[in-house]
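Each chain is listed here by its residues.
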Amino acid sequence: MFPLRRNRRLRTNESIRSLVRETNLSPQDFMFPMFIAEGKGIKTEIPSMPGIYRQSIDGTVKEVKELWNLGVKAVNLYVKVSENLKDNTGKEAWNKDGLMQQSIKAIKDAVPEMIVMPDVALDPYSIYGHDGIIENGQIINDATVDALTQMSISHAEAGADFVAPSDMMDGRILAIRNGLEENGFHNVGIMSYSAKYASAFYGPFRDALDSAPKESTEAIPKNKKTYQMDYANRIEAIKEAIDDVDEGADIVMVKPGMAYLDIVREVKDNVDVPVAVYHVSGEYAMIKAAAEKGWLDHDKIVLEQLFCIKRAGASIISTYFAKEAAKLLQ
Ligand code: PBG
């Protein structure tokens, strides 16, 4: 008898396809990254990210309510502070009345069940646009880790559920975990950006926060390659993720998404904590641009990509499409 197996039988119609589907996608798989601005009533669209805005706290809170009603249960927060608050120490990052701290409080007051995960890195506060403190032209690790620990504690004091270090300094997860424990924040979690690559896909994000490494006459690096990973590497990603779990990370993240799904799968197979994937700004921009030209079917591409990220091993996807995808899935 030929053929022995007819694999197409399980693809005959949508009912059987949905019955045997191996991956499911729902709004609670998503986190939504939000850009927060100083002031009131501010809502500025990011030119390279149509549909995504930098908003003051009032508008941010409104959008958080909308997300909650769509079934999205977590937000990642990024702030844009004014130039006069920036320096080389990043000390505004742990100002207890700073923009991030106020945002965390406002969101938790309005939607207490929303999981709030502020970004922990110095770049929005750095005159150099780097994720760390600079000395003699180098991004210095250990002093930066101390700063990130203070920053994390201040986020916890403001009410954050998780802190999300995106800086790629060595040893920061252990230091932050210790800092949180010593201050009684036993239940504040850490989502570590463990395998974060030095990627050109972050371009639109840096436009949004005006946080790109600055051109300057001083001898400082113009890119983040001394701390973010080389995209040619995979073993290193596994090492980073395992180290972070050993140091106390509750969730590890791979970033960017679609070009890095091999890494997602390998990390997934090597750790026993949930894996998050950041579907980053450049990936969003590419889809929006192609759809605007009529070259791709926007909605279909969005769902296909998010499904594929999930299939690769992501438990959680941080994506600028969270709202649109949640609506498409309803
Ligand atoms: C900075 C940070 C970046 C992103 C998240 N946190 C940019 C960078 O490392 O330069 C990028 C996210 C995106 O592109 O959507 N700590």
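Every chain's residues receive numbers from 1 upward, in the order its sequence appears when written. Given that the model is predicted, a residue must reach a pLDDT of at least 70 before its local features are reported, and side-chain atom pairs must reach 80 or more before they are shown or counted; all residues, however, enter totals for whole chains, interfaces and linings. As a rule here, side-chain values cover all heavy atoms of the structure and leave hydrogens and water aside.

Student: Would you mind going over a nonpolar patch on the surface with me for this structure?
Tutor: A contiguous nonpolar patch, built from L10, L19 and V20 and spanning about 290 Å² of accessible area, is present on the exposed surface. We count a stretch as a helix when DSSP gives it H or I for four or more residues in a row; a strand needs E for two or more, and each element gets its number in order from the N terminus. One can find L19 in helix α1 (residues 14-20). Remark: exposure states derive from per-residue accessible area (1.4 Å probe, protein chains only) relative to the maximum for the residue type, with buried under 20%, exposed over 50%, and partly exposed in between. Judged by relative accessible area, L19 falls into the exposed class, the value being 69%. By definition, no residue in a patch forms a salt bridge, and every one has over 30% relative accessible area; like charges are joined within 9 Å, nonpolar side chains (Val, Leu, Ile, Met, Phe, Trp, Tyr) within 5 Å. Only the protein chains shown count as cover for residues, and all accessible areas are computed by the Shrake-Rupley method using a 1.4 Å probe. A carboxyl oxygen of Asp or Glu within 4 Å of a side-chain nitrogen of Lys or Arg is what we treat as a salt bridge.

Student: Before we go on, may I ask you to explain the site of the ligand in this structure?
Tutor: One heavy atom within 4 Å of a molecule or strand is enough for the residue carrying it to be called near that molecule or strand. Every one of the 18 residues lining the ligand counts as a neighbour, but R206, K224, K255, S281 and Y320 are closest to it. In the model, a nitrogen atom of the ligand is placed 3.2 Å from a nitrogen or oxygen of the D123 side chain. Pairs of N or O atoms within 3.5 Å make up the polar contacts considered here, provided that, within protein, one atom can donate a hydrogen while the other can accept it, and that residues adjacent in sequence are counted only when both atoms are side-chain atoms. Here an oxygen atom of the ligand sits 2.6 Å away from a polar atom, N or O, in the side chain of S281. Following the grouping adopted for this structure description, the nonpolar residues are Ala, Val, Leu, Ile, Met, Phe, Trp, Tyr, Cys and Pro, the charged ones are Asp, Glu, Lys and Arg, and the polar ones are all others, Gly among them. Split into classes, the residues belonging to the shell around the ligand amount to 8 nonpolar, 3 polar and 7 charged.

Student: Even after reading the chapter, I still don't get unusual backbone geometry, so can you show me in this structure?
Tutor: Phi is mostly negative for residues that are not glycine, and the peptide bonds are mostly trans. Cis geometry is found at the peptide bond from K255 to P256, where omega equals -5 degrees. Considering the arrangement of structural elements, one finds P256 in the loop between β10 (251-255) and α8 (261-270). The phi dihedral of N136 falls on the positive side, at around 50 degrees, and the residue is not glycine. Position of N136 among the secondary structure elements: in the loop between β6 (133-135) and β7 (138-140).

Student: Hey, could you run me through the nonpolar core in this one?
Tutor: If you look at soluble globular proteins, the nonpolar side chains tend to sit buried side by side. Formed by 100 residues in total, the largest nonpolar core has its most connected members in F35, V75, L77 and M191. Every residue pair with non-hydrogen atoms within 4.5 Å of one another is taken to be in contact. In contact with V75, not counting residues within four places along its chain, are F32, M34, V64, L67, M114, I115, V116 and M117. For this analysis, a nonpolar core means a set of buried residues of the types Ala, Val, Leu, Ile, Met, Phe, Trp, Tyr and Cys, connected via side-chain atoms within 4.5 Å.

Student: Can you help me understand the packing of aromatic side chains in this one?
Tutor: For any pair of aromatic rings, the description rests on two quantities: the centre-to-centre distance and the angle between the ring planes. Any two of the Phe, Tyr and Trp rings considered here, Trp counted by its six-membered ring, make a pair once their centres fall within 6.5 Å; the pair's planes then place it as stacked at under 30 degrees, edge-to-face at over 60, or tilted in between. Tallying each qualifying case throughout the model produces 10 aromatic pairs. Where Y193 meets Y278, the ring centres are 6.1 Å apart and the plane angle is 55 degrees; that geometry is what we call tilted. Of this pair, Y193 sits in strand β9 (residues 189-196) while Y278 is found in strand β11 (residues 275-279), placing the two residues 85 residues apart along the sequence. The exposure class of Y278 is buried, given its relative accessible area of 1%. Taking 4.6 Å as the distance between ring centres and 35 degrees as the angle between the ring planes, the aromatic pair formed by Y197 and Y260 counts as tilted. Of this pair, Y197 sits in the loop between β9 and α6 (203-209) while Y260 sits in the loop between β10 and α8, and the two are 63 residues apart along the sequence. Per residue, the accessibility class of Y197 equals that of Y260, and both read buried. Through successive ring pairs, a cluster of aromatic residues spans F35, Y78, Y193, F205, Y278, Y284, Y320 and F321. We count a charge as sitting over a ring when the NZ of a lysine or the CZ of an arginine lies within 6 Å of the ring centre and within 35 degrees of the ring normal. A cation sits over an aromatic face here: K43 above Y53, 4.5 Å from the ring centre.

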